[in-house]
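Remarks on the overall topology
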Amino acid sequence: MNILIVLGVFISMEGATWLIHRYIMHGFLWFLHRDHHDHSHDGKLERNDWFFFIFASPAIALLYLGVQQNFSYWFFIGLGISLYGMAYFFVHDIFIHQRAKIFTKAKNPYFLAIRRAHKQHHKHLGKEKGECFGFLWVPVKYFKMYFNKK
């Protein structure tokens, strides 16, 4: 059952990520997210990096609460959120934005589709008129671009 909780939370985080990205990061917290789009920051860190702490805090609290209750379901909810956060970090920050120069020559159609959809998202420098707010699931047209190539 605990594995189902972790898997269910991980999967549902994609929908939560879309909603948070679209309506909060491109909404009232745009002042933190803007430099991720227009690169108006100095140095390697962005104001956008504060979202790491914002999103990690509930996961850490849930993990702690679950441990205090003898590894109750709260722990496994926190674990699902944490695993999604780790996937987000590796795919978004390392693979897509190349904050660490590894995985630079990927040929996998799935990863190329994710990279293309994210590039479409970043073509909009303002908070309006955005597209592709998701993360691991992107519109089918981007998958078709790479799966139909020979």
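Every chain is numbered independently, its residues counted from 1 as its sequence is written. Predicted model: local features are reported for residues with pLDDT of at least 70 only, side-chain atom pairs are reported and counted for 80 or more only, and whole-chain, interface and lining totals are derived from all residues. To obtain the side-chain values, all non-hydrogen atoms of the structure were used and water was disregarded.

A word on a nonpolar patch on the surface
A grouping of Trp50, Phe52, Phe53, Ile54 and Phe55 is seen on the molecular surface, where their side chains present a nonpolar patch of about 560 Å² in accessible area. Residue placement: phenylalanine 55 occurs in helix α3 (residues 50-68). When accessible area is computed with a 1.4 Å probe and restricted to protein chains, residues below 20% of their type maximum are described as buried, those above 50% as exposed, and intermediate ones as partly exposed. Residue phenylalanine 55 is classed as partly exposed on the basis of its relative accessible area of 35%. In this analysis, a patch consists of residues with relative accessible area above 30% that form no salt bridge, clustered at 9 Å for like charges and at 5 Å for the nonpolar side chains Val, Leu, Ile, Met, Phe, Trp and Tyr. Accessible areas in this description were obtained via Shrake-Rupley with a 1.4 Å probe; residue shielding takes into account the shown protein chains only. Salt bridges are defined as contacts in which a side-chain nitrogen from Lys or Arg sits within 4 Å of a carboxyl oxygen from Asp or Glu. Secondary structure elements follow DSSP: runs of H or I no shorter than four residues count as helices, runs of E no shorter than two count as strands, and numbering proceeds from the N terminus.

Regarding unusual backbone geometry
You will see that histidine 39, though not glycine, has its phi angle at about 55°, which is positive. A residue is classified by how much of its surface remains accessible, and histidine 39, at 53% relative accessible area, is exposed.

Brief notes about the pattern of salt bridges
Here the structure, examined in full by the defined rule, presents one salt bridge. Of the charged contacts in the structure, one is a salt bridge between aspartate 38 and arginine 34, with a shortest N-O distance of 3.3 Å. Here aspartate 38 and its partner arginine 34 are both found in helix α2 (residues 30-38), four residues apart, which amounts to about one turn of the helix.

Topic: empty space enclosed by the protein
We place a 1 Å grid over just the protein atoms. Points where a 1.4 Å probe fits but has no way out form a cavity, open points with protein on both sides within 12 Å along at least 5 of 7 lines form a pocket, and any residue with an atom within 4 Å of a point lines it. Grid points are joined across faces, edges and corners, and a volume is the space filled by probe spheres set on the points. Taken as a whole, this structure holds one cavity of 30 Å³ or more when the rule is applied. Considered as a void within the structure, the largest cavity measures approximately 50 Å³ in volume. Lining the largest cavity we find Ile96, Ile114, Ala117, His118, Cys132, Gly134, Phe135 and Val138. Per-element accounting of the lining of the largest cavity gives the leading share, three residues, to helix α5 (residues 109-122). Here the residues of the lining of the largest cavity are counted per class, giving six nonpolar, two polar and no charged. Note on residue classes: Ala, Val, Leu, Ile, Met, Phe, Trp, Tyr, Cys and Pro are nonpolar, Asp, Glu, Lys and Arg are charged, and everything else, Gly too, is polar.

Side note on the UniProt feature "transmembrane region" (unreviewed entry) in the protein
In the numbering adopted here, UniProt assigns the feature "transmembrane region" (unreviewed entry) to residues 6-29, 50-67 and 73-91. Across residues 50-67, the secondary structure splits into 100% helix and 0% strand, with the terminal C-alpha atoms separated by 26 Å. Between the C-alpha atoms that bound residues 73-91 there is a distance of 27 Å. The span itself is 100% helix and 0% strand. UniProt positions are given in the numbering used here, feature names are shortened, and annotations may be inferred rather than shown by experiment.

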